[in-house]
Amino acid sequence: SDLSRYGLIAPVFYDPSRPDSLETGHLYAAHAVLMDAYTGEILFEKDADTPAEPASTTKIITLITALSLLNPDRAVVIPECALEVPKDSSLVPVLPGESMTVRDLLYALMLRSGNDAANAVAELAAGSIPAFVDRMNDTVRDLGMTRTTFINPHGYHAEGHLTTARDLAVAARYGLTLPEFWNIALCRRYTLPATTLRPELILENKYEIFDPASEWYIPRAFGIKSGYTSSAGFCYVGAYQENGTTLIAVVLGGRTRNQAWSDLQKLFALGMSGR
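The present account deals with the structure reproduced in this document. Quick caveat: nothing in here was measured; it's all calculated off a predicted structure.

It is worth spelling out the overall build of the chain at this point. Across its full length, the chain carries seven helices and nine strands. For the chain, the C-alpha radius of gyration of 19 Å lies close to 19 Å, the compact-globule estimate for 275 residues. Here the C-alpha coordinates of the chain stretch approximately 65 × 40 × 35 Å along the principal axes. For the chain, the residues scored as buried account for 56% of the 275 residues in total. Here the analysis covers contacts within the chain between residues at least 6 apart in sequence; of these, 61% occur between residues at least 24 apart. With an accessible surface of roughly 12,000 Å², the chain has 49% of that area assigned to carbon and sulfur atoms. When the 23 basic and 31 acidic side-chain charges of the chain are each reduced to a single mean position, those positions are 3 Å apart.

Written as structure tokens, this is what we have:
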């Protein structure tokens, strides 16, 4: 039966024919932001300043910090710390002793979301993981992300490892101004060349929002980074570009991936309404 007439606000009552009627209760995510990437204007928010776990969306700052410290063309050898990740971590995998370029490692970091790659990037860029995390938090402060503190370079659950939807939108906005960040974060398929320790790897982003056959497909959506842990829920930072407008959307604390896609559809529709 139609309960919307009683004024209840829930995702099921959202009217897609009226995107400008979006209310916070229409979103599944616990925290959300929609930002105009050019102006920085916040077009919509839901509990956007409450610190929350970001899971692997942390790697947005990992990438930005790494690009400030490392030449992407530099050849590196994967250090032993790549193995020093929680046992249920997402892995590329990259293996201690194998050689590759920094660029290959950064694509692996973002496309495969490898915690092993994050540890390797950290040590190669700053000499140790703690030193790199300090640099990440310097980056956070420089960008004005006032409610963010990172404890590790990959986003696995750690006490005090927190950010906000607004802060992640700020990070993504800055990242999109960096050509190398843009190339890596927006890539959907990358071939990681073979090394002496493993064969060639195809890294591919197959999320439903990029699949024209999916009900969750969002034409003109691109990037940037997903994340999931059991305590953080499903998190996503994504962007959308149409007719000279670029939007950034952040959703944190979702229960499922498809609910995040539903929220992104609503947020991007709102951002484009009336344009």
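There is more to say, and it comes next.
Now for the layout of surface pockets. Here the largest pocket defines a volume of roughly 580 Å³. Lining the largest pocket are 35 residues, with Arg-112, Ser-113, Tyr-207, Lys-225 and Ser-226 sitting closest to its centre. For the lining of the largest pocket, the secondary structure elements donating two or more residues are helix H2 (102–111), helix H6 (179–185), strand E6 (201–204), strand E7 (221–229) and strand E8 (233–242). Here the lining of the largest pocket gets seven residues from one element, more than from any other, and that element is E7. Among the residues making up the lining of the largest pocket, the classes are represented as 15 nonpolar, 14 polar and six charged.

Glancing now at the pairing of strand E9 (residues 245–254). Burial of E9 is extensive: nine of the ten residues sit out of reach of the surface. Relative to E9, strand E1 (residues 31–36) is paired through six bridges, and the arrangement is antiparallel. Along E9, the bridge assignment pairs Asp-36 with Leu-247. Hairpin connection from E8 to E9: two residues lie between these consecutive antiparallel strands, with Asn-243 at a positive phi of about 50 degrees.

This part takes up the environment of Lys-225. With respect to the helices and strands, Lys-225 occurs in strand E7. Sequence separation between Lys-225 and Val-237 is twelve residues; the distance between their C-alpha atoms is 5.4 Å. Residue contacts for Lys-225: discarding those within four places in its chain leaves Ser-56, Thr-57, Lys-59, Ile-60, Leu-109, Met-110, Ser-113, Cys-235, Tyr-236 and Val-237. Looking at Lys-225, its side chain comes within polar contact range of the side chain of Ser-113, at 2.9 Å.

Counted by the stated rule, this structure contains ten salt bridges. Two residues, Asp-73 and Arg-103, come together in a salt bridge whose shortest N-O distance is 2.5 Å. Note that Asp-73 is positioned in the loop between helix H1 (59–69) and strand E3 (75–77) and Arg-103 in helix H2, a separation of 30 residues in sequence. With its nearest N and O atoms 3.5 Å apart, the salt bridge here joins Arg-220 to Glu-242.

Quick look at the packing of helix H3 (residues 115–126) against helix H4 (residues 129–142) now. Look at H3 against H4: their axes get within 8 Å of each other, and the N-to-C directions meet at 85 degrees. Classified by the angle their axes make, H3 and H4 are roughly perpendicular. Within the contact between the two elements, H3 uses Asn-119, Val-121, Ala-122, Ala-125 and Ala-126 and H4 uses Ile-129, Ala-131 and Phe-132. Split by residue class, the contact of H3 with H4 holds seven nonpolar, one polar and no charged.

Parameters and conventions
- Residues numbered from 1 in each chain as written.
- Predicted model: local features only at pLDDT ≥ 70, side-chain atom pairs only at ≥ 80, totals over all residues.
- Heavy atoms only, no water.
- Helix = DSSP H or I, 4+ residues; strand = E, 2+ residues; numbered from the N terminus.
- Rg over C-alpha atoms; globule rule 2.2 N^0.38 Å.
- Buried < 20%, exposed > 50% of the residue type's maximum accessible area, 1.4 Å probe, protein only.
- Contact = heavy atoms within 4.5 Å.
- Areas by Shrake-Rupley, 256 points an atom, 1.4 Å probe, with all protein chains shown as cover.
- Lys, Arg positive; Asp, Glu negative; His and termini not counted.
- Charge placed at Lys NZ, Arg CZ, Asp CG, Glu CD.
- 1 Å grid on protein atoms, 1.4 Å probe; cavity = no way out; pocket = protein on both sides within 12 Å on 5 of 7 lines; lining within 4 Å.
- Points joined across faces, edges and corners; volume = space filled by probe spheres on them.
- Nonpolar A, V, L, I, M, F, W, Y, C, P; charged D, E, K, R; others polar.
- Pairing = 2+ DSSP bridges.
- Polar contact = N/O pair within 3.5 Å; in protein donor to acceptor, adjacent residues only side chain to side chain.
- Salt bridge = Lys/Arg side-chain N within 4 Å of Asp/Glu carboxyl O.
- Axes fitted to C-alpha atoms, helices over the stretch in contact; angles between N-to-C directions.
- Parallel < 35°, antiparallel > 145°, perpendicular 65-115°, else oblique.

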